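Residues per chain, in single letters:
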Amino acid sequence: MSGSNDGMPSLPPGSGLGILDRFLDRIERAMSFVAGLVLLAMGILITASVAAREQIGVTIPDDILLVGLSMVAVVCLPLSHVQRDRGQISVTVITDRLPWGYGACGRILGHVIGTLLFGAIAWLTVASVPQAFAQNHYYDGQLLIPVWPVKVVFGIGMGLFAIRLALCAVGDVIVCLTSRGAEK
Amino acid sequence: QTRELRYADFGPDRGTRADAIKWMDSELRARSDGALGLNITWGGTLLGAKNAIEGAGNGVADMASVVPVYEPGKLSAWRVSDIRPVSDEYIGMMATYDLMTQSDAAKADFEAQNVRFVANFTTGPSQLLSREPITTLDELKGKKIRATGNFGKAFEENGAAAVSMSQPDVYQALSTGTIDGTASYAYVINSYKQYEVASNLTTINMGQNLGWGIVINNRVWASLKPEQQELLTQLGRDTTLYLAQKMYESRTTIMQKLRDGIDGNTIVEHEGAEALSKSLNDAAEKAGLDWLAREKEQGLSEADALLAAFDAAVEKYTAERDANGYPWAGSN
Amino acid sequence: MDPHLVGYLGFAAVFVLLALRVPIAISLGSVAAGGMLLIYAWQPWMPFSLEAAWAPVSALLASTPVDFVNSYALSTVPLFIFIGHLAFQAGFTTDIYAAARVWLARLPGGLAIASIVGCGGFSAISGSSVACAAAMGRIAVPEMLQSRYSKAMASGSVAIGGTLGSLIPPSILFIIFGVFAEQSIAKLFLAAAVPGILSLVGYIVVVMIWVRLRPEDAPRTATDGLSEKRMEALGRCWPIVLLFAVIIGGIYMGAFTPTEAAGVGAVATLILGGVLRRLSFAKIAEALREAVTQTAQLFAIAIAGKLFVNFIALSTIAAQLTDWIGHAELSVVLVMALICILYVVLGMMLDPLGIILLTLPVTLPVVEAYGLDLIWYGIIVVKLLEIGLVTPPIGLNVFVIKSIVGDTISLEKIFKGVSVFLISDVVVMILLLTFPILSLYLPSLL
Ligand code: NA
Ligand code: NA
């Protein structure tokens, strides 16, 4: 096998996880779509900023800041969808040469610690939202862009990613157990 | 055995600011007889400009260089020092140092972030570096100038287009004419080699950025012995004074170097652009006061008192300098 | 426990996790978080306490990823990836490869050579190697595969070609180096010209030798040398030529910066594709979907890599290694050799910017003490960093190609393809080290 597809394992039919998977999948598709729109908007914003500067000698307020903030949506919102469809990039050359069990264990291990890591990142970021909201923190600039929506977007992206990783871990265990059963 | 305090700086390990941090390290070792020292990480590899206050408060680093403007909602009182157009390093830094160590509002601000103020930094006064000479308001009209924050608003007010771009982009942008000029500091012109691509420098003496400096984590502070705390307090003030002297001197040296030419690049200095300078400074100050009014609305209730205290301190240090000269003048 | 030891164990732990096929982002990120917990828990002046370590580590986890992603400078990466997908959807890239096929049919490995030269051209409009590999990868790799080039050559040539991105100006890395080393950025840009061209020529020579040894890796396409057909194919290339002219012209005439070029290029591609009726909404949506997918895959690794840089900074192993080199009183040749090894080792795991920030404060004084020219050292460092982009196990340029080709080509195959080109990089590196004049002649004219 040459691929590195460690995304969502195909669940055995009738598994209750399937419903959860499909529900999550809809949200993920929507999030990827939003990320695409933000990417498009980012290109248009930069171009408009250049055009305004060169043609009429004015600048779009906080253009640089807005591009940086857009990056949060472009990068984080699709993470979960990517995990389901293709998986994150991994090195398979060694496990490919080992008995099947090593690869399976690695997959489960990866998804479990991934859930913990990205779950922690999501949780810790979201935990600071109430304060940023209550104290009305905003970025220095002309538009007074508040801080909290950026953290919320980041939290949604990372949170979905963590949930998907957890689902992958559970799916792996189920697949592992059922295929073990099939071998016997 | 030396207890090395972990120090995080987001900038390069060169230049006057870096030298002051290194000086602080060696003084700390000497004055504490080797009990204390700094373990410095440069370049933002541990804490960047955007998370330094938060990181120092949580103990990521024991001490850190911090800039409140990059971390919304944190240490706002410090930014009061950025409103007035004070162009003298010594006066600006010492006034800010006094404000940060004596004002209760400022102390409460640091307390809320679980840090303690140690020393103050500065950028030095801001000047206008441009491809073509810009000495009058007329010449400024329609020009594209890289400037951020209150300076950006000031340039917009005076008919220029204020372009924001990251500092590493400025070199290429000046060289190809994407921008006509940049509001810059002597050390930035020097370290980013901006003199290679723009050769006109107009003295506009816009204010310094005084809202940055060194903080120490409260728990680390509490773990120091009383005499070590006293030592560090004194060293913080000495470091501020040391940096004021070195920034003042390096600005003079850098300017002389630029006039003489580096690798064949010389700078033409335009002085006496008083009308331009006044108009820009007034607009920047107004933008600063607008900011302060907003902060007051948002809950910085001591805003006026802070500004008044800063003004009083500036007045005091100005009088002192006018009477006695700079404190370091005699020692050299 | 000694932070240095935790640092070295961290490197080892990443290798183990990777070998178990734990995804790269998760391996780097979890080792970074775990390693930092250990270092903070084991402060020498207090008893071991995981509880005390939680505050700093959670502060870093809460701030480092979001601050890293919230970056104007990094916006070039998704935007250049988007341009690559758009140009592909509009068929612009197919046209240019059709022309290359007709024109270069007789030249063995012609498409691979065209791809490498294309990367060199792209480097002149982009300051980032990853962005360069991303845009060229989407354009070149599928076309080469369609012409039945071997997977190793198709993917390897673009991954290595992408490393020209930071060597040929404009280049973010040279500006950062210039600031840290207080060297003229104009001189660094000029100094990079010959090494950049040398590297490019080296890659072309590799293709030519490779094709000679294994002709089946780059089959020649049917030659119908009718000159009118050649001209026709060439005529169809104007959209991409126009786009390139707009971007490169815009940068060098001062209309916009290299960072802005990505955004302007994306909109220009959209407009051109729309006007020529070669882009439908469905195609644009597909390009966007592909672009954000690829971006997310790359940034998952980059975010974790940034946490890993935090961890390495905390362990202070870069400083320790350089201290050893500096204090051993070695000959200048040995010192440079050790520094090269240091950069290659760090380059296995870390990204170029992280390495530059971690190592320059400690290597510069050593190099200066030996009286070496810092402009020349800048060229050596950036070239080494670029090599790190394609060495396993963490090679961002290779991952860029991987994120484009999905399951068609394995990661190992791409690394294998790249390794052939690394032979020429080793030769170029030795030339640059032995003959500083190659780097220093042009800046000396300034
Ligand atoms: Na480049
Ligand atoms: Na590598």
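Note that this is a predicted model, so its numbers are computed, not measured.

Participant: I keep staring at the overall build of chain B and nothing clicks. Help me out?
Facilitator: Within chain B, the regular secondary structure consists of 12 helices and 11 strands. With respect to the principal axes defined by its C-alpha atoms, chain B has extents near 60 × 50 × 45 Å. Taking contacts inside chain B between residues at least 6 apart in sequence as the whole, the part at least 24 apart equals 77%. Carbon and sulfur atoms make up 47% of the accessible area of chain B, which amounts to about 12,000 Å² in all. Charged side chains in chain B number 33 positive and 45 negative. The centres of these two groups are separated by 3 Å.

Participant: Looking at this structure, how should I read the overall build of chain C?
Facilitator: Helices and strands together make up the secondary structure of chain C, namely 22 helices and 0 strands. What you see for chain C is a C-alpha radius of gyration of 23 Å, in line with the 22 Å of a compact globule of 446 residues. Overall, chain C is about 80 × 50 × 45 Å in size when its C-alpha atoms are taken along their principal axes. Counting all 446 residues of chain C, 64% fall into the buried class.

Participant: Can you walk me through the pattern of salt bridges in this structure?
Facilitator: Should their charged atoms come close, side chains of opposite charge can pair. In total, this model carries 38 salt bridges over all chains according to the counting rule given. With its nearest N and O atoms 3.9 Å apart, the salt bridge here joins Glu290 of chain C to Arg289 of chain C. On the basis of relative accessibility, which here comes to 36%, the residue Arg289 of chain C falls in the partly exposed class. Taken together, the salt bridges that share partners define one network made up of Asp21, Asp25, Glu28, Arg29, Arg84, Asp85 and Arg164 of chain A.

Participant: Can you walk me through a nonpolar patch on the surface in this structure?
Facilitator: Residues and elements named next belong to chain C. A cluster of nonpolar residues, Ile423, Val427, Leu431, Phe435, Ile437, Tyr441 and Leu445, forms a patch on the protein surface that exposes about 700 Å² of accessible area. Counting only elements with at least two residues in the nonpolar patch, the list comes to α21 (411-434) and α22 (437-445). Residue Val427 is classed as partly exposed on the basis of its relative accessible area of 46%.

Participant: What is the right way to look at the interface of chain A and chain B in this model?
Facilitator: Frequently, the measure chosen for interface size is the accessible area that the parts lose on association. Facing 16 residues of chain A, the contacting portion of chain B comprises 19 residues. Summing both sides of the interface, chain A and chain B together bury roughly 1,400 Å²; the carbon and sulfur share of this comes to 51%. In terms of surface lost to chain B, no three residues of chain A exceed Arg53, Tyr138 and Asp140 of chain A, which account for 38% of the buried area on that side. At the boundary of chain A with chain B, the tally comes to 2 salt bridges. When the shortest N-O distance is used, the salt bridge between Asp140 of chain A and Arg79 of chain B registers 2.9 Å. The tally of links from chain A across to chain B stands at 7 residue pairs in polar contact (both at pLDDT 80 or more). For the side of chain A that touches chain B, the secondary-structure elements that each account for two or more residues are α1 (17-56) and α2 (63-76) of chain A. For the side of chain A that touches chain B, the residue count by class is 6 nonpolar, 6 polar and 4 charged.

Participant: Would you take a moment to explain the sheet that holds strand β5 (residues 126-130) of chain B for this structure?
Facilitator: What links the strands of a sheet is backbone hydrogen bonding, and the strands pair in either a parallel or an antiparallel sense. Residue and element names in this part refer to chain B. If you trace the 6 strands from one edge of the open sheet to the other, you get β7-β6-β8-β5-β9-β11, paired in mixed fashion. The sheet is open, and its two edges are formed by β7 (161-163) and β11 (268-270), each paired on a single side. Across this sheet, the average inter-strand angle for adjacent strands is 30 degrees, counted without regard to direction. In this structure, β5 lies alongside strand β9 (residues 200-206), joined through 4 bridges in antiparallel fashion. Among the inter-strand pairings, Ser126 is bridged to a residue of β9, identified as Met206.

Participant: Teacher, can you tell me more about the environment of Ala369 of chain C here?
Facilitator: Residues and elements named next belong to chain C. Mapped onto the secondary structure, Ala369 falls in helix α18 (residues 352-369). Classification of Ala369 as exposed rests on a relative accessible area of 68%. Along the sequence, Ala369 and Ala13 sit 356 residues apart, while their C-alpha atoms lie 35 Å from each other.

Participant: Sorry, what's going on with α2 of chain A here?
Facilitator: Quick reminder: α-helices carry 3.6 residues per turn. Residues three or four places apart thus point the same way. All names here are of chain A. Compared with the 20 Å implied by 1.5 Å per residue over 14 residues, the 20 Å span of α2 between its first and last C-alpha is a close match. A large share of α2 lies buried, amounting to 12 of its 14 residues. Within the sequence span of α2, burial applies to Asp63, Ile64, Val67, Gly68, Leu69, Ser70, Met71, Val72, Ala73, Val74, Val75 and Cys76.

Calculation notes
- Residues numbered from 1 in each chain as written.
- Chains lettered and ligands numbered in written order.
- Predicted model: local features only at pLDDT ≥ 70, side-chain atom pairs only at ≥ 80, totals over all residues.
- Heavy atoms only, no water.
- Helix = DSSP H or I, 4+ residues; strand = E, 2+ residues; numbered from the N terminus.
- Contact = heavy atoms within 4.5 Å.
- Areas by Shrake-Rupley, 256 points an atom, 1.4 Å probe, with all protein chains shown as cover.
- Lys, Arg positive; Asp, Glu negative; His and termini not counted.
- Charge placed at Lys NZ, Arg CZ, Asp CG, Glu CD.
- Rg over C-alpha atoms; globule rule 2.2 N^0.38 Å.
- Buried < 20%, exposed > 50% of the residue type's maximum accessible area, 1.4 Å probe, protein only.
- Salt bridge = Lys/Arg side-chain N within 4 Å of Asp/Glu carboxyl O.
- Patch = residues over 30% accessible without salt bridge, like charges linked within 9 Å, V, L, I, M, F, W, Y side chains within 5 Å.
- Buried area = accessible area lost by both parts, 1.4 Å probe.
- Polar contact = N/O pair within 3.5 Å; in protein donor to acceptor, adjacent residues only side chain to side chain.
- Nonpolar A, V, L, I, M, F, W, Y, C, P; charged D, E, K, R; others polar.
- Pairing = 2+ DSSP bridges.
- Axes fitted to C-alpha atoms, helices over the stretch in contact; angles between N-to-C directions.
- Expected span 1.5 Å × (residues − 1).

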